[in-house]
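Structure at a glance
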Amino acid sequence: MRMNQLAKIAAAALLTFGVTSAMAVITGSKHDLSATGGGTIKANAGQNNDEICVYCHTPHASNTDFTGAPLWNKATPSGTFTMYGATSAGVAGTTIAGTATDTAPSAPSLACLSCHDGVSAINSIVNAPGSGGYVAGGQNVAFGSTAAGTAFTMPAGVTQIGTDLTNDHPVSITYVEGAASLKPTTTAVTGWSGASTIADLLRNGKVECASCHDPHLGESDTFLRRNAATVGEASNKGSAVCLTCHDK
Ligand code: HEC
Ligand code: HEC
Ligand code: HEC
Ligand code: HEC
């Protein structure tokens, strides 16, 4: 094969894999909680703790009471949340436009809060890595200096969203076109992972954490779903994330 043919094939491959199909790179990100993960919060070495997906998903014996995320490997958070615009925990809140939130985060957001609420144990999983690791209701695997059997919760700081959601962008809220200058759900979006219109960003017609974030998208800033690698700029440059839905 001639060299320029090879070069063309290489260029085509780059186009295919580098541009059109942006790959989510969870490996080495802060959501890689294996012993060799990218953050400071992660499992101890040993105990088959080189697995990545296991801290969120399991191929068998998943928590089916919890439909927030597929094949979920964590127990359902038991805490009560104070919703955006709500006056107390466990009741619906309202926005300026008068749209009500649910009385509690719906399952897709609860999936994230099962680590980010600062109460639920990050290291609690139903099926521990390796064979025979199943414990109904979950078990705490060893994390950093935290021994097996002891809960490790999200430390204070920006990543601890907490159970008070009044100071966070509303979640578990129905997307009402026109409210808060929201664009029609048929509006095309570009550069977002797994979405071609605003409708694809919604879960059961609602805005949830996964509307703006993709927990697997390690190459994007703060796991934002507007993929930095695809668009070739910071995910929220010029507030592109916000302007995707809001016509401001
Ligand atoms: C930090 C938690 C977390 C880790 C680790 C994680 N996931 Fe996920 N995953 C989620 C959440 C949350 C959802 C649901 C997201 C949504 O609602 O869009 C999900 C959804 C999925 C889906 C279905 C949605 C889709 O993309 O089609 C697949 C498949 C998946 N994950 C595969 C994996 C694999 C494979 C790994 C390991 C390499 C992994 N995940 C690691 C949290 C995680
Ligand atoms: C299994 C536990 C777990 C789940 C489930 C989980 N996260 Fe995380 N997440 C973490 C940990 C641990 C960190 C690192 C926190 C730190 O170092 O302060 C993190 C960090 C983040 C960060 C900050 C990234 C950065 O670069 O600073 C974002 C954003 C985030 N998570 C969003 C989400 C969203 C959205 C979901 C649900 C779709 C989710 N997470 C589900 C454990 C989890
Ligand atoms: C409307 C879009 C949107 C929704 C919904 C949303 N986020 Fe975010 N989130 C963002 C943006 C944008 C950032 C980056 C902020 C920055 O870099 O200043 C962010 C940052 C974060 C961070 C990192 C904090 C930091 O400043 O480094 C965490 C953790 C996080 N989000 C978790 C969540 C969780 C959990 C949910 C659901 C309860 C959620 N987010 C819902 C847009 C959103
Ligand atoms: C996936 C679509 C979507 C994205 C992206 C999005 N929002 Fe929103 N936003 C909503 C929805 C839905 C509401 C609730 C509107 C209502 O009142 O019915 C809302 C409400 C708001 C409100 C009004 C809250 C109130 O009390 O009335 C503000 C302010 C806001 N968003 C700012 C932002 C900012 C800043 C960003 C970027 C970080 C952002 N939004 C990204 C969908 C989105």
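Basis of the calculations
Residues numbered from 1 in each chain as written. Chains lettered and ligands numbered in written order. Predicted model: local features only at pLDDT ≥ 70, side-chain atom pairs only at ≥ 80, totals over all residues. Heavy atoms only, no water. Helix = DSSP H or I, 4+ residues; strand = E, 2+ residues; numbered from the N terminus. Rg over C-alpha atoms; globule rule 2.2 N^0.38 Å. Buried < 20%, exposed > 50% of the residue type's maximum accessible area, 1.4 Å probe, protein only. Contact = heavy atoms within 4.5 Å. Areas by Shrake-Rupley, 256 points an atom, 1.4 Å probe, with all protein chains shown as cover. Lys, Arg positive; Asp, Glu negative; His and termini not counted. Charge placed at Lys NZ, Arg CZ, Asp CG, Glu CD. Near = heavy atom within 4 Å. Polar contact = N/O pair within 3.5 Å; in protein donor to acceptor, adjacent residues only side chain to side chain. Nonpolar A, V, L, I, M, F, W, Y, C, P; charged D, E, K, R; others polar. Domains from an automatic or database assignment. Donors = N, O, S within 2.8 Å, 3.2 Å for Na, K, Ca; no water. Tetrahedral: all angles 85-135°; square planar, octahedral: opposite > 155°, others 65-115°. Salt bridge = Lys/Arg side-chain N within 4 Å of Asp/Glu carboxyl O. Buried area = accessible area lost by both parts, 1.4 Å probe.

From N to C terminus, the protein includes five helices and four strands. What you see for the protein is a C-alpha radius of gyration of 20 Å, in line with the 18 Å of a compact globule of 248 residues. Considered along the principal axes of its C-alpha atoms, the protein spans approximately 60 × 50 × 30 Å. Here the protein holds 248 residues, and 38% of them are scored as buried. The long-range share in the protein, meaning contacts at least 24 apart out of those at least 6 apart in sequence, stands at 53%. When the accessible surface of the protein is summed, it comes to about 13000 Å², and 59% of that surface belongs to carbon and sulfur atoms. When the 12 positive and 16 negative side-chain charges of the protein are each reduced to one mean point, those points stand 10 Å apart.

Glancing now at the site of ligand 4. Taken together, the neighbourhood of ligand 4 is formed by 17 residues, with Thr95, His169, Cys242, Cys245 and His246 sitting nearest. Thr99 is positioned with one of its side-chain polar atoms (N or O) 2.5 Å from an oxygen atom of ligand 4. Between a nitrogen atom of ligand 4 and a side-chain N or O atom of His169, the distance comes to 2.8 Å. A per-class count over the shell around ligand 4 returns 13 nonpolar, four polar and no charged. Counting the residues that make up the shell around ligand 4, at least three belong to each of domain 1 (24-161) and domain 2 (175-248).

Bringing the environment of His60 into the picture now. Looking at the secondary structure, you find His60 in the loop between helix H1 (3-20) and helix H2 (107-116). Spatially, the C-alpha atoms of His60 and Val126 are 10.0 Å apart, while their sequence positions differ by 66 residues.

What follows concerns the coordination of the iron atom of ligand 4. Around the iron atom of ligand 4, the protein contributes the donor atoms His169 (NE2) and His246 (NE2), at 2.0 to 2.1 Å from the metal centre. Coordination geometry of the iron atom of ligand 4: the six donor atoms subtend angles of 88 to 179 degrees at the metal centre, consistent with an arrangement described as octahedral. Within this pair, whereas His169 is found in the loop between strand E2 (134-140) and strand E3 (173-174), its partner His246 is found in the segment after helix H5 (240-245), the two being separated by 77 residues in sequence.

Four donors placed tetrahedrally about a metal ideally form angles of 109.5 degrees, and six donors placed octahedrally ideally form angles of 90 or 180 degrees. Exactly one donor from the protein chain reaches the iron atom of ligand 3: His213 (NE2), at 2.0 Å. Here His213 is to be found in the loop between helix H3 (209-212) and helix H4 (228-231).

Our next topic: the site of ligand 2. Near ligand 2 there are 19 residues, and of these His31, Cys112, Cys115, His116 and Thr159 occur at the shortest range. One of the side-chain nitrogen or oxygen atoms of Lys30 is found 3.2 Å away from an oxygen atom of ligand 2. Here a nitrogen atom of ligand 2 and a side-chain polar atom of His31 are 2.8 Å apart. Residue classes in the shell around ligand 2 are distributed as 13 nonpolar, five polar and one charged.

Let us now look at the pattern of salt bridges. If you walk through the whole model with that rule in mind, you get two salt bridges. Notably, a salt bridge pairs Asp102 with Lys206, separated by 3.0 Å at the nearest N-O pair. On the criterion of sequence distance, the pair formed by Asp102 in the loop between H1 and H2 and Lys206 in strand E4 (residues 206-207) is long-range, its members being 104 residues apart. Here Arg226 ties to Glu233 by a salt bridge, and the two come within 3.0 Å at their closest N and O atoms.

This part takes up the domain arrangement of the protein. For the protein, the assigned domains read domain 1 (24-161) and domain 2 (175-248). On a C-alpha basis, the centroid separation for the pair domain 1 and domain 2 is 23 Å. Counting residues at the interface gives 14 residues for domain 1, matched by 13 residues for domain 2. Buried surface at the junction of domain 1 and domain 2, both sides included, amounts to about 1100 Å², of which 62% is carbon and sulfur. When the buried area of domain 1 at its contact with domain 2 is split by residue, Ala24, His31 and Pro108 rank highest and sum to 34% of it. Our enumeration of links across domain 1 and domain 2 arrives at one salt bridge. Linking domain 1 with domain 2 are eight residue pairs in polar contact (both at pLDDT 80 or more), by the criterion used here. Class assignment of the residues belonging to the side of domain 1 that touches domain 2 gives a composition of six nonpolar, six polar and two charged.

Further remarks concern unusual backbone geometry. One non-glycine residue with positive phi stands out, namely Ser172, at about 55 degrees. Along the chain, the position of Ser172 falls in the loop between E2 and E3. Despite not being glycine, Ala180 has its phi angle at roughly 50 degrees, a positive value. Tracing the backbone shows Ala180 in the loop between E3 and E4.

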